[in-house]
Amino acid sequence: MTHGIPRRARLLAAALGAGVLIPVVAGAAPAAAATPTVSCTSSNAALATKLKKDITAALVNRKGTIAVGLYDRSTKTTCTLRPATAYDSASVVKVTVLGALLWDAQKTGRALTDREKTLAKAMITKSDNSATSTLWAQLGLTKVKGFLAAANMTRTTPGANGYWGLTQINVTDEQRLLKLVTASNTVLTDNSRTYIRTLMSQVISSQRWGTPYGAPSTVSVHVKNGWLERATHGWRVHSVGTFKGGGHDYMITVLTHGNSTMSYGITTIQGVAKVIHRDLAASTA
């Protein structure tokens, strides 16, 4: 599975799943500054005010550097916190890898092979690192960068030397990707978008934490999470999700590092997700 992948990349890939401490091999993300203010805008002014207040309250006393993105098409609501801060991607980059695979296949009008489908399903639903390394190597940086350019994910930098888990990501670009996955566009076909969402809806139960927390039972949930511990900034714990139902069509990205444990990061993300789901549901009650 990992033939042709540098040994150090294989070790990192293993660590992404196992939580092994990895020494710094790439530029560290910026250190945490004074807590910026959550910014919210909406066609529903009261909703924007409520979300700003509740997201801010959910983050009070939470340690680490936290970035948040929310976009709801139904109410034209956008909330952001640290939208441009860079984070090691860990496994949330796997949605980008799948997007690049499908985008590249689209260009020649071909369907994914059975092997590619098997690898893609393992990569998204079980966060399989070996499958990801195989697809990353198959694509190569040129195709990955081609997809990022097509998707206008201009501030995302692929990890070098096979280290896909050290791809530098930010809230702005992750939200752009989720928008592509959830509405018709010229980058991903409707079939490709449906395929991505289907796999994100089939993530195994033990990995369905994070942004889905507190989502109403009437809302469809699509999620991909990432987690990685390194020598600086402790645990990176991230969650991206798309949600539709109850009069809303929204996507949430929460990126964190500087967590003492993986579970601490999960708790931070879920505190944010809970109030977002609650406030959106209440706005249509």
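As the structure is a prediction and not an experimental result, all values here were calculated from the model.

Further remarks concern the side chain of Thr211. Its location among the elements puts Thr211 in the loop between helix H7 (190-201) and strand S6 (220-229). Note on Thr211: relative accessible area 0%, which makes it buried. A distance of 3.5 Å separates the side chain of Thr211 from the backbone nitrogen of Gly241, its partner in a polar contact.

With that settled, the discussion passes to the sheet that holds S6. With respect to topology, six strands assemble into an open sheet ordered S1-S3-S2-S8-S7-S6, the strand pairing being antiparallel. Each edge of the sheet is formed by a strand with only one pairing partner; in this case those strands are strand S1 (39-41) and S6. Along the sheet, successive strands turn relative to each other by an average axial angle of 5°, direction set aside. Each of S1, strand S2 (65-72) and strand S3 (77-81) is contacted by helix H2 (residues 45-59), which is oriented at about 25° to S3, the strand it contacts most.

Right, let's get into the packing of helix H4 (residues 114-125) against helix H5 (residues 129-150). As a packed pair, H4 and H5 sit with axes 8 Å apart at the nearest point and diverge in direction by 130°. As judged from the angle between their axes, H4 and H5 are oblique. Where H4 crosses over H5, the two elements pack in a sense that is left-handed. Here H4 contributes Arg115, Glu116, Leu119, Ala120, Ala122 and Met123 to the contact with H5, which in turn contributes Ala131, Thr132, Thr134, Leu135 and Gln138. Of the residues assigned to the contact of H4 with H5, the class counts are six nonpolar, three polar and two charged.

What follows is about the pattern of salt bridges. One pass over the full model with this rule turns up 11 salt bridges. Arg278 is the salt-bridge partner of Asp54, the closest N and O atoms lying 3.2 Å from each other. Highlighted residues: Asp54 in helix H2 and Arg278 in helix H8 (residues 262-283), separated in sequence by 224 residues. Residue classification places Arg278 among the partly exposed residues on the basis of a relative accessible area of 41%. Each member of the salt-bridge network shares a partner with another, and the members are Lys50, Asp54, Arg278 and Asp279.

Counting buried residues in strand S8 (residues 248-259) gives 11 out of 12 residues, a clear majority hidden from the surface. Both S2 and S8 contribute to a ladder of eight bridges, which runs antiparallel. The partner of Val68 across the bridge, within S8, is Val254. Here 10 bridges tie strand S7 (residues 235-245) to S8, and the two strands are oriented antiparallel to one another. Paired with Trp235 across the strands is Asn259, a residue of S8. Hairpin remark: S7 followed by S8, antiparallel, with two residues in the connecting loop; positive phi at Gly246, about 60°.

Procedures and definitions
Residues numbered from 1 in each chain as written. Predicted model: local features only at pLDDT ≥ 70, side-chain atom pairs only at ≥ 80, totals over all residues. Heavy atoms only, no water. Helix = DSSP H or I, 4+ residues; strand = E, 2+ residues; numbered from the N terminus. Buried < 20%, exposed > 50% of the residue type's maximum accessible area, 1.4 Å probe, protein only. Polar contact = N/O pair within 3.5 Å; in protein donor to acceptor, adjacent residues only side chain to side chain. Pairing = 2+ DSSP bridges. Axes fitted to C-alpha atoms, helices over the stretch in contact; angles between N-to-C directions. Contact = heavy atoms within 4.5 Å. Parallel < 35°, antiparallel > 145°, perpendicular 65-115°, else oblique. Left-handed = near helix turned anticlockwise from the far one by under 90°. Nonpolar A, V, L, I, M, F, W, Y, C, P; charged D, E, K, R; others polar. Salt bridge = Lys/Arg side-chain N within 4 Å of Asp/Glu carboxyl O.

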